Amino acid sequence: MLLTYAGINSFFLVLSLTVQDGLGMNALEAGLIYLPFAAAFFAASFLGGRLSAKGKNVLLTGAVLGGCGYACTIAVVLLLGDGLTGWWLAPPLILVGAGNGLFVPPLLNAVLSRIPHAEAGMASGVLSTGQQVGGALGVAVLGAVYYGALGGSYGYAFVLAVAVNLVLAVVISLLLPSLSKRA
């Protein structure tokens, strides 16, 4: 959970900074960039619930799909360079959103389903704390990476920060089998 929220929150930070400061979009335009992500997350979260109820391994699928979205985001930024507009980020954001939609809700269920009912309240508190700490650490670390690389360009800083998100997605994918073994 800690790694998951470190990646999610930090990605939102660097995406917002890049489209507003780097690409010159106003707050409304930048907010609209998130629509493809949000729509894909919404649709995939419904699908993920149904697939996980049928015993499908949606956690790994979601983590890998999100990682593919990060890789595609990097590719789009590198390929377009100075020709990048926020709307070119929509297709990779759909992949990131779908991956997170398949991954995050079932992950919460997978973690909490292993907790005895008598300890559910405490476990929910620990889980919520893990989400907050992970998000704060991710924003702090990726914010430092992003601003440390900003001397070159917003595109370079964004690619470097999203590469860290990609590494997090790979690490999370590699850790998922240990979650299954404890089931």
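The preceding data block contains the structure.
The rules behind these values
- Residues numbered from 1 in each chain as written.
- Predicted model: local features only at pLDDT ≥ 70, side-chain atom pairs only at ≥ 80, totals over all residues.
- Heavy atoms only, no water.
- Helix = DSSP H or I, 4+ residues; strand = E, 2+ residues; numbered from the N terminus.
- Expected span 1.5 Å × (residues − 1).
- Buried < 20%, exposed > 50% of the residue type's maximum accessible area, 1.4 Å probe, protein only.
- Core = buried A, V, L, I, M, F, W, Y, C linked by side-chain atoms within 4.5 Å.
- Contact = heavy atoms within 4.5 Å.
- Axes fitted to C-alpha atoms, helices over the stretch in contact; angles between N-to-C directions.
- Parallel < 35°, antiparallel > 145°, perpendicular 65-115°, else oblique.
- Left-handed = near helix turned anticlockwise from the far one by under 90°.
- Nonpolar A, V, L, I, M, F, W, Y, C, P; charged D, E, K, R; others polar.
- Phe/Tyr/Trp six-rings, centres within 6.5 Å; stacked < 30°, edge-to-face > 60°.
- Polar contact = N/O pair within 3.5 Å; in protein donor to acceptor, adjacent residues only side chain to side chain.

Taking 1.5 Å per residue, 21 residues should reach 30 Å; helix α1 (residues 2–22) reaches 29 Å between its end C-alpha atoms and fits that length. Three or more residues of α1 are buried, namely T4, Y5, A6, G7, I8, S10, F11, V14, L15, L17, T18 and V19. Backbone geometry just after α1 places G24 at a positive phi near 75°.

F11, L15, L89, L93, Y146 and F158 are the most contacted members of the largest nonpolar core, which has 28 residues in total. If you list the elements that add at least two residues to this core, you get α1, α2 (27–33), α4 (58–80), α5 (90–112), α6 (120–149) and α7 (154–181). Beyond its immediate stretch of four places on either side in the chain, L89 contacts L15, V19, T73, V76, V77, L84 and F158. Of all hydrophobic cores here, the second largest spans eleven residues; its members include Y5, A110, L176 and L179.

Another point: the packing of α1 against α6. For the pair α1 and α6, the least separation of the axes is 7 Å and the interaxial angle reads 45°. Regarding the angle of α1 to α6, the classification is oblique. Viewed along their axes, α1 and α6 form a crossing whose handedness is right-handed. Residues L2, Y5, A6, N9, S10, L13, V14, L17 and T18 of α1 pack against G130, Q131, V133, G134, G135, L137, G138, V139, L142, G143, Y146 and Y147 of α6. Its residues placed into classes, the contact of α1 with α6 shows twelve nonpolar, nine polar and no charged.

Right, let's talk about the environment of I74 for a bit. For I74, the location among the structural elements is in helix α4. Using a relative accessible area of 12% as the deciding quantity, one classes I74 as buried. It is 8.2 Å that separates the C-alpha atoms of I74 and F158, two residues lying 84 residues apart in sequence. Sequence-distant contacts of I74, that is, excluding residues within four places in its chain, are made with V159, V162, A163 and L166.

As enumerated under the stated definition, the model contains seven aromatic pairs in all. Ring plane angle 85° and centroid distance 5.6 Å describe the contact between Y146 and Y147, whose orientation is recorded as edge-to-face.

Take the side chain of T18 next. By secondary structure assignment, the location of T18 is in helix α1. We classify T18 as buried; its relative accessible area is 3%. When neighbours within four sequence positions are excluded, T18 is seen to be in contact with L23, Y146, Y154 and F158.

What follows is about the environment of Y5. With respect to the helices, strands and loops of the structure, Y5 is situated in helix α1. When the C-alpha atoms of Y5 and T73 are compared, they prove to be 19 Å apart, with 68 residues separating the residues in sequence. Setting aside residues no more than four positions away along its own chain, Y5 makes contact with V104, L108, Q131, G134 and G135. Among the polar contacts listed, one links the side chain of Y5 to the side chain of Q131, at a separation of 3.2 Å.

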